[in-house]
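# What the coordinates show
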Number of protein chains: 2
Amino acid sequence: MLSGETLANPRSDRVKAVARLSGRPARLRAGRFLVEGPQSVREALRFRAADVVQLYVTEAAAQRYAEIVAAALAADVPVTPVTEAVLAAMAGDDATVNPQGLLAVCGLVDVPLDEVLAARPRLVAVLAQVRDPGNAGTVIRAADAAGADAVLLTDASVDVHNPKCVRSTAGSLFHLPVVTGVPLPDAVAALKAADLAVLAADGAGRTDLDDLLDEAETARTTGAPALLRGPVAWVFGNEAWGLPPADRALADQVVRVPVHGHAESLNLGTAATVCLYASARAHR
Amino acid sequence: MLSGETLANPRSDRVKAVARLSGRPARLRAGRFLVEGPQSVREALRFRAADVVQLYVTEAAAQRYAEIVAAALAADVPVTPVTEAVLAAMAGDDATVNPQGLLAVCGLVDVPLDEVLAARPRLVAVLAQVRDPGNAGTVIRAADAAGADAVLLTDASVDVHNPKCVRSTAGSLFHLPVVTGVPLPDAVAALKAADLAVLAADGAGRTDLDDLLDEAETARTTGAPALLRGPVAWVFGNEAWGLPPADRALADQVVRVPVHGHAESLNLGTAATVCLYASARAHR
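An unreviewed UniProt entry annotates chain A as TrmH family RNA methyltransferase originating from Spongisporangium articulatum. UniProt's Sequence similarities (unreviewed entry) comment on chain A is quoted here verbatim: "Belongs to the class IV-like SAM-binding methyltransferase superfamily. RNA methyltransferase TrmH family."

Structure follows, in structure tokens:
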């Protein structure tokens, strides 16, 4: 089923070139990134097959994930058998990512903001200065589950093609359009121009999320206007210091997630989940 | 302000004894655990000062976090100055935990289930077979924010006193009672006997969380009965494989969080956050 010879030399130039894609400079130069593990590879092939350049697979994984290999071949993606040692060398040394014998090289997924806005999105998540790849991936996965139409990472955020970020999206990276590299003020201006209400999520917010949800519930029966019933972009700040005042000031409203216990704050994933799922409910 | 000599030998028996508390056997033997970093130490002193046995602090941290040292002294907690090397040796080698010059030794925080149930809780989070300390900590923090009255970790779950778990609760570990070590069937039986509805969160659930929330919204105005308006215990499963059928069968209902996009599943923190915040809204 697989064509070509098995790659067996972990120190070959080809293996080194793949491994270098763990780093941002090589990704930008090549315009490609690593997609590791069955879940991510499966979703890449399902939703973005045209962007998948190459699949590397061990013998054991080719048997265990035969349907993934078949999907790659059906999409005319070259499939190259490799030894375990080669796959490990390609995957680099981040112990948080276990490729389980499957690794794809894929064209970068980010799309221009204009393209996203042209599709008239109703729910967008904006990550401003999110630095931890695991956190960014978690929010992308939550945004997907909440039915967001796009995710935007500002220029000061982690690279969405970072292997740990890719991994923690659990395939969601390929489910919805992702925009990167736009400065927050430009992004907010464009979102507003596209008729989205821009809501900054921050513990210092004057608007309580529960009040917005109440307004939306009432509007469902009365037909009154309600902010959360319309198109909304949520802006989430850095995991440690949140949104600086200058960033909050860009938003139409600053919204706080209610904290009922003694917790001083919410972590980024928790706050984003509550806000995005509130929007999902309001948009029903 | 600080009494006693500065501990300067990272290889002393005293330092080694503290460092060993990173491991579960030493914690169980000593009945004590490590609380690292300003946020966790501050919350321990604020909510559980009687359980704090000892505070170790570097000179730099004693200046930077003078109010924490003052709180310890006010609570009659012995405060011992240590060198940076000693603090690093005590904290062990988990790079995910940065004590920032402050480390407390604290008596174990878990309480008996009977004690929790006697307080007639209205919202309880149950972690069944959650194995990753970071995930467990994240759910405890989210449960605190959602106003949960207690968190219960079954016998097959990670040790809540694990340094990485403590760290990721961001102090919430000291804000609400935590029960550990109870087998899931026993926990469910006790929760039901205490008149809590036991809801298992699982993608395979027949009940949609949005329907339960709709029922609760209607009940707010009509006074009709609604499951989420009453006392509820949510059961969350393992981060990788969820809840096995036998565990789901223990619950009164199996509830699925709606997934609107293409995501196949939610991660544990996201699912728990949506469920617990749904309960918080329904309980208003």
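## Side note on helix H5 (residues 66–74) of chain B
All names here are of chain B. Those residues of H5 that fall on the buried side of the exposure criterion are Ile68, Val69 and Ala72. One face of H5 carries all of its buried residues, which in axial projection span an arc of 100 degrees. Tucked into the core, H5 has its buried residues touching helix H3 (38–48), strand E2 (52–57), helix H4 (59–64), strand E3 (79–81) and strand E4 (102–107). A positive phi of about 60 degrees marks Asp76, the residue just after H5.

## Side note on the nonpolar core
The nonpolar side chains of a soluble globular protein tend to be buried, and buried together. Leu228(A), Trp234(A), Phe236(A), Leu228(B), Trp234(B) and Phe236(B) are the most contacted members of the largest nonpolar core, which has 136 residues in total. The contacts of Leu228(A), once residues within four sequence positions are left out, are Leu199(A), Leu209(A), Leu212(A), Leu213(A), Ala216(A), Trp234(A), Ala278(A), Ser279(A), Ala282(A) and His283(A).

## Remarks on the pairing of strand E7 (residues 178–182) of chain A
Residue and element names in this part refer to chain A. The pairing of strand E6 (residues 150–154) with E7 spans 4 bridges and is parallel. Bridge pairing in E7 links Leu152 to Val179. For the crossover from E6 across helix H9 (residues 163–169) to E7, the handedness is right-handed.

## What to know about the pattern of salt bridges
Evaluated as defined, the whole model comprises 26 salt bridges over all chains. A salt bridge links Asp214(A) to Arg281(B), with the nearest nitrogen and oxygen atoms 3.0 Å apart. One end of the pair, Asp214(A), is in helix H11 (residues 209–222); the other, Arg281(B), is in helix H13 (residues 268–282), on a second chain. Salt-bridge contacts for Arg284(B) lead to Asp214(A); the nearest nitrogen and oxygen are separated by 3.1 Å. In this pair, Arg284(B) is assigned in the segment after H13 and Asp214(A) in helix H11, connecting two distinct chains. Exposure remark for Asp214(A): the relative accessible area of 23% places this residue in the partly exposed category. Several salt bridges converge on common partners, so that one network encompasses Asp210(A), Asp214(A), Glu217(B), Arg220(B), Arg281(B) and Arg284(B).

## Some thoughts on the interface of chain B and chain A
Each partner contributes residues to the interface: chain B has 35 residues there, and chain A has 35 residues. In this assembly, chain B packs against chain A so that about 2900 Å² is buried in total across both faces, 52% of it on carbon and sulfur atoms. Where chain B meets chain A, there are 8 salt bridges. Among the secondary structure elements, those contributing two or more residues to the side of chain B that touches chain A are H3, helix H8 (133–145), helix H11 (209–222) and H13 of chain B. The element contributing the most residues to the side of chain B that touches chain A is H13(B), with 6 residues.

## Some thoughts on the packing of aromatic side chains
All told, the structure shown has 4 aromatic pairs over all chains when counted by the stated rule. Summarising the aromatic geometry, the rings of Trp234(A) and Phe236(A) are spaced 6.4 Å apart at their centres and angled 10 degrees between planes, so their arrangement reads as stacked. Accessibility expressed as a relative area gives 0% for Trp234(A), which makes it buried. Here the aromatic rings of Phe33(B) and Phe174(B) are separated by 6.3 Å at their centres, their planes lie at 25 degrees, and the arrangement is stacked. Separated by 141 residues along the polypeptide, Phe33(B) in strand E1 (residues 32–36) and Phe174(B) in the loop between helix H9 (163–168) and strand E7 (178–182) bring together distant segments of the chain. For the pair shown, Phe33(B) and Phe174(B) are each scored as buried.

## Some points on the sheet that holds E7(A)
In sheet architecture, strand pairing relies on hydrogen bonds along the backbone and comes in two forms, parallel and antiparallel. Within the open sheet, the 7 strands sit side by side as E7-E6-E5-E10-E8-E11-E9 (chain A). Their pairing is parallel. Here the strands that pair on one side only, and so sit at the sheet edges, are E7 and strand E9 (207–208) of chain A.

## Things to note about the relation of the copies chain B and chain A
Structural alignment of chain B on chain A gives an RMSD of 0.0 Å, achieved by rotating through 180 degrees and translating 0.0 Å along the axis. Such values leave the two copies arranged in the relation of a two-fold axis.

## What to know about the sheet that holds E7(B)
All names here are of chain B. Taken together, 7 strands build an open sheet; the order of strands is E7-E6-E5-E10-E8-E11-E9 and the sheet is parallel. Lying at the two open borders of the sheet, with one neighbouring strand each, are E7 and strand E9 (207–208). As judged from the 4 bridges shared by strand E8 (residues 197–201) and strand E10 (residues 232–236), these two strands associate in the parallel manner. Each residue of the ladder has a partner; that of Ala200, found in E10, is Val235. Along the sheet face, H8 touches strand E5 (123–127) and strand E6 (150–154) and points at about 155 degrees away from the line of E6. Contacts from H13 reach E5, E8 and E10, with the element oriented near 170 degrees to E10.

Reading the values: the criteria
Residues numbered from 1 in each chain as written. Chains lettered and ligands numbered in written order. Predicted model: local features only at pLDDT ≥ 70, side-chain atom pairs only at ≥ 80, totals over all residues. Heavy atoms only, no water. UniProt positions renumbered as here; feature names shortened; annotations may be inferred. Buried < 20%, exposed > 50% of the residue type's maximum accessible area, 1.4 Å probe, protein only. Helix = DSSP H or I, 4+ residues; strand = E, 2+ residues; numbered from the N terminus. Arc of directions from axis to C-beta. Contact = heavy atoms within 4.5 Å. Core = buried A, V, L, I, M, F, W, Y, C linked by side-chain atoms within 4.5 Å. Pairing = 2+ DSSP bridges. Right-handed = clockwise from strand over helix to strand, strands pointing away. Salt bridge = Lys/Arg side-chain N within 4 Å of Asp/Glu carboxyl O. Buried area = accessible area lost by both parts, 1.4 Å probe. Phe/Tyr/Trp six-rings, centres within 6.5 Å; stacked < 30°, edge-to-face > 60°. Least-squares fit on C-alpha atoms with pLDDT ≥ 70 in both. Axes fitted to C-alpha atoms, helices over the stretch in contact; angles between N-to-C directions.

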